[in-house]
Amino acid sequence: MINIVLLEPEIPANTGNIGRTCVAAGARLHLIEPMGFQINEKQVRRAGLDYWDKLDYRIYDSYPDFLQKNIGAKIYMATTKAKQVYSEVSYEEDCYIMFGRESAGIPEEILVEHKETAVRIPMFGEIRSLNLGNSVAVVLYEALRQHGFENLNRAGELHRLHW
């Protein structure tokens, strides 16, 4: 199972959207405090639609708490500061992909400890960053693609008509 980690997320709608993406992808969501909202806020649940009760998630008091409870975890750091593109690495089946706060990303004090596993999404021109939910989806689905979308429904069906 791929693990998505949000370090101190600030915007409830982004976290709700990411939770919904995790449910669709069969991924676990890890949330590291402090967060800019309460997990039970209406905006989080609205963005996650009716999938929130299906979400496998964990909440941690701090980054050190996360590390202590996930000893030996292979962590990829998604950041605009990385030299390596997200599609240039091979994601392990049980890896963790961490994303930082919407306003500041992952602190450089953490990034320097993970230079070899820091990844970025290429962007055009002077664009600073993508929306957090979009970034999670891009990197998560690359990791899933590398594993052949194992355990995911790959058959598409029309609702009223037939292919």
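Before any of the text, the structure's been laid out above.
Report follows, based on the coordinates. On a predicted model such as this, the values are computed, not experimentally measured, just so you know.

## Some thoughts on the pairing of strand S1 (residues 3-7)
Next up, step 1: Counting buried residues along S1, five of its five residues qualify, which places the element largely inside the surrounding structure.
Next up, step 2: Of the two faces of S1, both are covered, the one formed by Asn 3, Val 5 and Leu 7 as well as the one formed by Ile 4 and Leu 6.
Next up, step 3: Pairing of S1 with strand S2 (residues 28-32), which is carried by five bridges, proceeds in the parallel orientation. Residue Leu 6 lies in a different strand from S2, and its bridge partner there is Leu 31.
Next up, step 4: Between S1 and its parallel partner S2, the chain crosses via helix H1 (residues 12-25), and the hand of that crossover is right-handed.
Next up, step 5: Taken together, the four bridges between S1 and strand S6 (residues 96-99) define a ladder with parallel strand orientation.

## Quick look at the side chain of Asp 65
Next up, step 1: Residue position: Asp 65 is located in helix H3 (residues 63-69).
Next up, step 2: Note on Asp 65: relative accessible area 11%, which makes it buried.
Next up, step 3: A polar contact is formed between the side chain of Asp 65 and the backbone nitrogen of Asp 61, at a distance of 2.9 Å.

## Examining the sheet that holds strand S3 (residues 57-60)
Next up, step 1: With respect to topology, seven strands assemble into an open sheet ordered S3-S2-S1-S6-S4-S7-S5, the strand pairing being parallel. Of all strands in the sheet, those bounded by a partner on one side alone are S3 and strand S5 (84-85).
Next up, step 2: Docked against the sheet, H1 engages S1 and S2, running at close to 155° with respect to S2.
Next up, step 3: Strands S1 and S6 of the sheet are contacted by helix H5 (residues 132-146), whose axis makes an angle of about 165° with S6.

## Some details on the packing of aromatic side chains
Next up, step 1: Taken as a whole and assessed by the stated rule, the structure comprises five aromatic pairs.
Next up, step 2: Relative to Phe 66, the ring of Tyr 60 lies with its centre 5.2 Å away and its plane at 85°, an arrangement referred to as edge-to-face.
Next up, step 3: Given the relative accessible area of 5%, Tyr 60 is considered buried.
Next up, step 4: By relative accessible area, which is 0% here, Phe 66 ends up buried.
Next up, step 5: Relative to Phe 149, the ring of Tyr 141 has its centre 6.5 Å away and its plane inclined at 40°; by these criteria the two rings are tilted.
Next up, step 6: In textbook terms, an aromatic cluster arises when at least three aromatic residues are bridged by ring pairs, as seen for Tyr 60, Tyr 63, Phe 66 and Tyr 96.

Thresholds, definitions, all that
Each chain carries its own residue numbering, running from 1 in the direction its sequence is written. Since the coordinates come from a predicted model, pLDDT governs what is reported: local features require at least 70, and pairs of side-chain atoms require 80 or more to be given and counted, while whole-chain, interface and lining totals use all residues. With hydrogens and water set aside, each side-chain value is computed from the structure's full complement of heavy atoms. Only protein chains enter the accessibility calculation, which uses a 1.4 Å probe; a residue whose area is less than 20% of its type maximum is buried, one above 50% is exposed, and one in between is partly exposed. Under the scheme used here, helices are H or I runs from DSSP no shorter than 4 residues and strands are E runs no shorter than 2 residues, and both carry numbers assigned from the N terminus. Here a strand pair is declared whenever DSSP counts at least two bridges between the two strands. Seen with its strands pointing away from the viewer, a crossover is right-handed when the path leading from the first strand over the helix to the second is clockwise. N or O atoms closer than or at 3.5 Å make up a polar contact, with two conditions inside protein: a donor-capable atom paired with an acceptor-capable one, and, for residues adjacent in sequence, both atoms drawn from side chains. Contacts are assigned to residue pairs with any non-hydrogen atoms lying within 4.5 Å of each other. Interaxial angle, 0 to 180 degrees, is taken between N-to-C directions of lines fitted to C-alpha atoms, where a helix line uses only the stretch in contact. Any two of the Phe, Tyr and Trp rings considered here, Trp counted by its six-membered ring, make a pair once their centres fall within 6.5 Å; the pair's planes then place it as stacked at under 30 degrees, edge-to-face at over 60, or tilted in between.

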